[in-house]
Amino acid sequence: MNILIVDDSADSREWLRVKLEMEGHNVTEAANGLEALDFLKKEVVDCVISDLLMPEMDGFSLCVQIRKNEQFKLLPFIVLTKSALSFDDEEKAKEIGVDKFFINPDSLDVVLKAIIEVTREAKYKKLRIIKPASSKFEIKEYNESIIRKLEEKNLELEKLSEKLEGEHNFLKAIIETEPECVKLLDFSGKILQINPAGLKIMKMTSPEQIVGKSVYDFVLPEYHHIYEEKLKSVFYGNTEVWEFEVVWPEGNRLHFETHAAPLRDAGGRIIACVAITRDITEKLSLEEKLIKNQQFEMVRKMSSSIAHDFNNLLTIIEGFAQLLMGDRSSDDPIYKDASEILDASARASSLTNQLLAFSQCQMMRPRDIDLNNFIQNIEHKFQGILGDKVEIEIHPGSDIGMAIADPYQMEQMFVYLAESAHQTLPISGKLIIKTSRITLDTQDAAECLKLKPGNYVLISITDTRQRVKNTTCEHIFEPVFNPNKPASGLSLRLSSCYGIARQMGGTIACYCVNNQGMTFDIYLPAAREMKKRVPLKGNETILLVDDESPIRKLASRILHEHGYVVLEASNGVEALKAAEEYIGINIDMLITDVIMPVMGGEELSEKIRVLYPEIKVLFISGYAADSIFQKIRLDSENVFLQKPFNPQTLLVKVREILDAISAQ
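Keep in mind that what you see is a predicted model, and the values were worked out from it rather than measured. (Residues numbered from 1 in each chain as written. Predicted model: local features only at pLDDT ≥ 70, side-chain atom pairs only at ≥ 80, totals over all residues. Heavy atoms only, no water.)

**Overview of the pairing of strand E4 (residues 77–81)**
Move 1: Among the 5 residues of E4, 5 are classified as buried, and the element is accordingly described as predominantly covered.
Move 2: By the alternation rule, side chains of E4 split into Phe77, Val79 and Thr81 and Ile78 and Leu80, which are all buried.
Move 3: In this structure, strand E3 (residues 47–50) lies alongside E4, joined through 3 bridges in parallel fashion. Residue Ile49 lies in a different strand from E4, and its bridge partner there is Ile78.
Move 4: Traced from E3 through helix H3 (residues 59–68) to E4, the parallel crossover comes out right-handed. (Buried < 20%, exposed > 50% of the residue type's maximum accessible area, 1.4 Å probe, protein only. Helix = DSSP H or I, 4+ residues; strand = E, 2+ residues; numbered from the N terminus. Pairing = 2+ DSSP bridges. Right-handed = clockwise from strand over helix to strand, strands pointing away.)

This is the structure we're talking about:
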């Protein structure tokens, strides 16, 4: 429906226009009666809604002129005013042909309903009874009342203007200092006003760059429907909160949150939407990181718990397998079966250690390892990554001694090298692995490898499929280098290999000679001296505490068979009670699990040391070492042994601790 609004107040016209457009009507505007008459001569409208008191031509005079015109005499005419000129204005309105008369209605719904009614009447051409033109006396009286009202209105407007100016300055100061974006929007989303903070957020320097434009010019298309729904709700009188995204010309994608409420005039009419918008990109990013951290923490704890339980099982499997082997000959079928069990246990232990490393983010902990055995144990992983087309040859060196390295980090480095080789050349060929012991003099170390002079264990890995220049090898460990594609996963893996080797006190080098393939040389510090063979037997008294019965039985049996006197307990309380009953006969060592019900290992060690001040403590646990070190204090009297352990490891550790007592 085409509706003409006639009112000298732009705010009043805007408020009414928005309401009518929300109902689906087409709206045009005029500031007084003369403008309205000019418009009617050019365009066709279905209804006129007019104020009463207006300059140039008031509402009643406009209605009289419309009714005099044969073309418009049935045009629906509604008066909507804030105040009447006199008490009988409604009667006068009926006499001159006004269809509906409203003075500051409580709700616009009655006006909308009236529009439908009067247009329906006009449609069916019901005749109106219009009183003949008023007498001169009535016209004079009417004009005088208009003049009085105009004078009163001007006086009121002057007072109101002064009050509004003060309020305006106050609100302007607040809005301009507000750190968030504050803007006024009309029903269509046009930006009417914006504060300095809003200009800064929207990358603008002056209001002219944005005022008058549609907010939809800045919001991503997928959020337009949300904006439309929320704006409509605000102009119905609700407060709303919603989120949306914008993309600035430089490509930045930001997330915003808007709190919006209706802005009303003195008469309570909604004239605009005031929206406060803030950038929540960083907040959402932090929330996302928090959620990911929480998820990771949950997975970490679950992984740690699984690895702990699995390590307990592996301790039992490995321990009893070694007991089965005993002193049997290698030709004995039982020895062979137990050996297979031990091999499977070793591989399972490697997987568990990786799980623990993931769950606890373990720091690098180098120790003495036999590289020949280590390489033999991970050969199957190499083969699995490289595939059946690649033949692996291993040439272990003799008398190379022990190397100082972290076995878990070493395994990760070997996996990275295998993955890099498979990624670049997934074809048939050979991978040759050799180990040897070398001594670097000062010149070799300083100029070539940047290593300290000394003894090193060398692992040489040659891939016969690789054909690259030595100039390429010089840069292959750089994080952004890749001969085919810069900054790929390949270069990052090789860079990680270099970092792991350097952290362990060694290095890794790459070269290609006579077109025979690419070789990676891994230098690891050699153990300073071969450790003396530690005797495994003893006669000391040991208090053994573990809540896992099979582990307790296994460790007790191993120690008993090697001459030790063993007292057993399933938790700290039982252990403390046993120690009190055993008072008078010295207990030389406490071997205790760290995490146990009722009373844990650390609390037990503190209480039992009151009874036995000289006692030595060996903590054992299936949890990762890093997490245990946060729970217990390790010193010369406290030592830690990670599960799974085998009988040999346990006996050596016990003997080392007890012999340290004797040495002191």
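Next comes the rest of the description.
**Structural notes on the sheet that holds E3**
Move 1: Judged by pairing direction, the sheet is parallel, and its 5 strands sit side by side in the order E2-E1-E3-E4-E5 without closing on themselves. With one partner strand each, in any of the chains shown, strand E2 (26–30) and strand E5 (100–103) form the two edges of the open sheet. Going across the sheet, the axis of each strand differs from the next one's by a mean of 20°, ignoring polarity.
Move 2: Packed onto the sheet, H3 meets strand E1 (2–6), E3, E4 and E5 and runs at close to 175° relative to E4.
Move 3: Each of E1, E3, E4 and E5 touches helix H5 (residues 109–123); the most contacted strand, E5, lies at about 170° to it. (Axes fitted to C-alpha atoms, helices over the stretch in contact; angles between N-to-C directions. Contact = heavy atoms within 4.5 Å.)

**Examining a nonpolar patch on the surface**
Move 1: Nonpolar side chains collect at one region of the surface, where Met298, Val299, Met302 and Ile306 lie side by side and expose about 390 Å² of accessible area between them.
Move 2: Considering the arrangement of structural elements, one finds Val299 in helix H9 (residues 281–325). (Patch = residues over 30% accessible without salt bridge, like charges linked within 9 Å, V, L, I, M, F, W, Y side chains within 5 Å. Areas by Shrake-Rupley, 256 points an atom, 1.4 Å probe, with all protein chains shown as cover. Salt bridge = Lys/Arg side-chain N within 4 Å of Asp/Glu carboxyl O.)

**Some details on the packing of aromatic side chains**
Move 1: Scanning the model with the defined rule gives 6 aromatic pairs in all.
Move 2: Centre to centre, the rings of Tyr227 and Trp242 are 5.1 Å apart; their planes meet at 80°, and the pair counts as edge-to-face. You can see Tyr227 sitting in helix H8 (residues 224–235) and its partner Trp242 sitting in strand E8 (residues 240–247), a full 15 residues away along the chain.
Move 3: Among the residues examined, Trp242 registers a relative accessible area of 3% and is labelled buried.
Move 4: When the centroid spacing of 5.2 Å and the interplanar angle of 65° are considered together, the rings of Tyr227 and Phe244 count as edge-to-face. You can see Tyr227 sitting in helix H8 and its partner Phe244 sitting in strand E8, a full 17 residues away along the chain. (Phe/Tyr/Trp six-rings, centres within 6.5 Å; stacked < 30°, edge-to-face > 60°.)

**A look at the environment of Gly563**
Move 1: Assignment of secondary structure puts Gly563 in the loop between helix H16 (549–561) and strand E19 (565–569).
Move 2: Between the alpha carbons of Gly563 and Thr541 there is a distance of 9.5 Å; along the sequence they are 22 residues apart.
Move 3: Contacts of Gly563, omitting those with residues within four sequence positions, involve Gly538 and Asn539.

**Overview of unusual backbone geometry**
Move 1: The backbone of Glu56 shows a phi angle near 70°, a positive value even though the residue is not glycine.
Move 2: Residue placement: Glu56 occurs in the loop between E3 and H3.
Move 3: Owing to a relative accessible area of 64%, Glu56 belongs among the exposed residues under this scheme.
Move 4: Despite not being glycine, Val598 shows a phi value in the positive range, around 70°.
Move 5: Locating Val598 in the fold gives a position in the loop between strand E20 (589–593) and helix H18 (601–611).
Move 6: Val598 sits in the exposed class, given a relative accessible area of 66%.

**Comments concerning the confidence of the model for the protein chain**
Move 1: Across the protein chain, pLDDT averages 80, with 80% of residues at or above 70.
Move 2: Segment residues 481–489: pLDDT under 50, and 11 contacts once partners within four positions in sequence are set aside and those in other chains are kept. (pLDDT = per-residue confidence, 0-100.)

**So, the pattern of salt bridges**
Move 1: Taken as a whole and judged by the stated rule, the model has 19 salt bridges.
Move 2: Across the salt bridge formed by Glu117 and Lys100, the nearest N and O atoms sit 3.3 Å from each other. Linking Glu117 in helix H5 with Lys100 in strand E5, this pair joins segments that are 17 residues apart in sequence.
Move 3: A relative accessible area of 28% means that Lys100 is categorised as partly exposed.
Move 4: Each member of the salt-bridge network shares a partner with another, and the members are Arg13, Glu14, Arg17, Glu21 and Glu29.

**Description of the sheet that holds strand E6 (residues 181–185)**
Move 1: Taken together, the 5 strands give an open sheet; going across it, the order is E7-E6-E10-E9-E8, and neighbouring strands pair in antiparallel fashion. Edge positions in the open sheet fall to strand E7 (191–194) and E8, since each of these has one partner strand only. The mean inter-strand angle of the sheet, taken between neighbouring strand axes irrespective of direction, is 30°.
Move 2: Sheet analysis places E6 next to E7, joined by 3 bridges and oriented antiparallel. Following the sheet pairing, Lys183 is matched in E7 by Ile194.
Move 3: Contacts between H8 and the sheet are confined to E6, E8, strand E9 (253–264) and strand E10 (270–279), with E8 contributing the most and set at about 145° to the helix.

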